[in-house]
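# Structural overview
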Amino acid sequence: MSDTVLYEVTDGLATITLNRPEAMNALNNATKDALRDTLRQAADDDGIRAVLLTGSGRAFCVGQDLKEHTESLQKHGGSALNTVEEHYNPITLALATMPKPVVAAVNGVAAGAGAGFAFAADHRIMADTAAFNTSFAGVALTADSGVSWTLPRLVGPGRAADLLLFPRSVKAPEALELGLAGRVVPADELAEAAAETARRLADGPTLAYAALKESLAYGASHSLAETLEKESELQLRAGASEDHKAAVEAFVKKEQPRFTGR
């Protein structure tokens, strides 16, 4: 993997860190390649039971590296935006469909695709000094990295249109109020709080979490009747897991269940 994306695994928890602090973790091609491939690696590894995504330095990710993008536009014209199909789409899909929970620890500004990646996570913890900015319209672009799908589901279609048409810095308190963040903590407590949350998920019923993610995504675009059928299908799968059996036995014994992710 590129040194622009760090990957560390500890007891089933994969921590992925965007590591271009000098560029506020802007997404150049090397970083996009590495992030896409690292997420796929985490998704395919049965030993990984949760993923924590964060950034190094004072930013989470400010989106596309515009310096590199300017050079690409000069060489390739509009085809420079093929990076959406090559990078942003698979990165967003990997986050949203990861068969294990993903926590985004938003340590600083998350703009453009950086915001999109955070929105695609299952849970967002923000530093009180952090902020979101859609930023696309500011550079005469439309939404990518799934923002046109995730943002309305987080804040509603009206607020989503407002945030996209009039991009601005949405600071942590407002982000919490809007539903963009699940929790806001002091900046010096973010790393510990995010790791604790991700660790709790890594120790949980992994197959049930995967089914919950699938069920929520399915229900967002299907009828109630179709969703009920999907819930039944997924519940049969979850009910056959070792974790469900262990949880029921622990309940009867009035003990805390210990999950293995199987």
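Since the structure is predicted, the reported quantities are computational estimates derived from the model, not experimental observations. (Residues numbered from 1 in each chain as written. Predicted model: local features only at pLDDT ≥ 70, side-chain atom pairs only at ≥ 80, totals over all residues. Heavy atoms only, no water.)

## Regarding the overall build of the protein chain
For clarity, the cut-off: Here a strand is any run of E in DSSP of at least two residues, a helix any run of H or I of at least four, and the numbering for each starts at the N terminus. Any two residues having at least one pair of non-hydrogen atoms within 4.5 Å are treated as being in contact. To measure how exposed things are, a 1.4 Å probe is used in the Shrake-Rupley method; for residues, cover is taken only from the protein chains shown.
Counting secondary structure elements, the protein chain contains 11 helices and 10 strands. The C-alpha extent of the protein chain, read off along each of the three principal axes, is 65 × 40 × 35 Å. The long-range share in the protein chain, meaning contacts at least 24 apart out of those at least 6 apart in sequence, stands at 68%. Here the protein chain has roughly 13,400 Å² of accessible surface; of this, 54% comes from carbon and sulfur atoms.

## A few points about a negative patch on the surface
We count it as follows: A patch consists of residues exposed above 30% relative accessible area that lack any salt bridge, with like charges linked at up to 9 Å and nonpolar side chains (Val, Leu, Ile, Met, Phe, Trp, Tyr) linked at up to 5 Å. In the sections that follow, a salt bridge refers to a side-chain nitrogen of Lys or Arg positioned within 4 Å of a carboxyl oxygen of Asp or Glu. Asp and Glu are treated as the negative residues and Lys and Arg as the positive ones, with His and the ends of the chain left uncounted. To locate a charge, the coordinates of NZ of Lys, CZ of Arg, CG of Asp or CD of Glu are taken. The rule is simple: take the accessible area with a 1.4 Å probe, protein chains only, and divide by the maximum for that residue type; under 20% is buried, over 50% is exposed, in between is partly exposed.
On the surface, a cluster of negative charge is made up of Asp128, Asp188, Glu189, Glu192 and Glu196. If you trace the backbone, Asp188 turns up in the loop between strand S10 (183–185) and helix H8 (190–202). Judged by its relative accessible area of 70%, Asp188 falls in the exposed class.

## Points about a nonpolar patch on the surface
Residues Leu66, Val139 and Leu141 make up a contiguous nonpolar surface patch of about 250 Å² in total accessible area. Relative to the elements of secondary structure, Leu66 occurs in helix H2 (residues 66–76). Here Leu66 falls in the partly exposed class, since its relative accessible area comes to 45%.

## Section: the pairing of strand S3 (residues 50–55)
Spelled out, the test is: Pairs of strands are assigned from DSSP output, requiring at least two bridges between the strands. Classification remark: right-handed applies to a crossover when, strands pointing away from the viewer, the course from the first strand over the helix to the second runs clockwise.
Burial runs high along S3: 6 of the 6 residues are buried. Burial of S3 is two-sided: the residues Ala50, Leu52 and Thr54 facing one way and the residues Val51, Leu53 and Gly55 facing the other way are all buried. The sheet contact formed by strand S2 (residues 13–18) and S3 spans 6 bridges and is parallel. When the sheet's bridge partners are listed, Ala14 is paired in S3 with Val51. Running through helix H1 (residues 29–44), the crossover from S2 to the neighbouring parallel element S3 is right-handed.

## Description of the sheet that holds strand S5 (residues 102–106)
How we decide: All axes here are fitted lines through C-alpha atoms, helices being fitted over the stretch that makes contact, and every angle between N-to-C directions spans 0 to 180 degrees.
Ordered in space as S1-S2-S3-S5-S7-S10, the 6 strands form an open sheet in which the pairing is mixed. Two strands in the sheet have a free side with no partner beyond their single neighbour: strand S1 (5–10) and S10. The sheet shows a mean angle of 20° between the axes of neighbouring strands, direction not considered.

## Some thoughts on unusual backbone geometry
The phi torsion of most residues other than glycine is negative, and most of the peptide bonds are trans. We note that Met24 has phi near 55°; this positive angle belongs to a residue other than glycine. Here Met24 shows up in the loop between S2 and H1. In this structure, Ala140 is a non-glycine residue whose phi angle is positive, near 60°. With respect to the element layout, Ala140 can be found in the loop between strand S8 (131–133) and helix H5 (147–155).

## Examining the sheet that holds S8
The sheet built from 4 strands is open, its strands ordered S4-S6-S8-S9 with mixed pairing. Of all strands in the sheet, those bounded by a partner on one side alone are strand S4 (59–61) and strand S9 (170–171). Judged from the 2 bridges that link them, S8 and S9 form a sheet pairing that is antiparallel. Residue pairing across strands places Phe132 opposite Val170, the latter belonging to S9.

## Topic: the nonpolar core
Put simply, the rule is: By nonpolar core is meant a set of buried Ala, Val, Leu, Ile, Met, Phe, Trp, Tyr and Cys residues that side-chain atoms within 4.5 Å join together.
Ranked by internal contacts, the top residues of the largest apolar core, which has 61 residues, are Leu35, Val106, Phe132 and Leu180. Filtering out sequence-adjacent residues up to four positions away, Phe132 remains in contact with Val106, Ala110, Ala115, Ala118, Phe119, Arg124, Met126, Arg168, Ser169, Val170, Ala175 and Leu180.

## Some points on the packing of H1 against helix H3 (residues 83–97)
Pairs of packed helices are described in terms of their axes, by the angle between the two and the distance that separates them. This is how it is decided: Each crossing gets its handedness from the near helix: less than a right angle anticlockwise from the far helix is left-handed, clockwise is right-handed. Ten residues, namely Ala, Val, Leu, Ile, Met, Phe, Trp, Tyr, Cys and Pro, are considered nonpolar, four, namely Asp, Glu, Lys and Arg, are considered charged, and the remaining ones, Gly among them, are considered polar.
Taken N-terminus to C-terminus, the directions of H1 and H3 make an angle of 35°; their axes are 9 Å apart at the nearest point. Of the two elements, H1 crosses H3, and the hand of that crossing is left-handed. Together, Asn29, Lys32, Asp33, Leu35, Arg36, Leu39 and Arg40 of H1 and Thr83, Glu86, His87, Tyr88, Pro90, Ile91, Ala94 and Leu95 of H3 make up the contact between the two elements. Considering only residue class, the contact of H1 with H3 consists of 7 nonpolar, 3 polar and 5 charged.

So, to be careful, I would describe these as geometric facts and stop short of saying anything about function.
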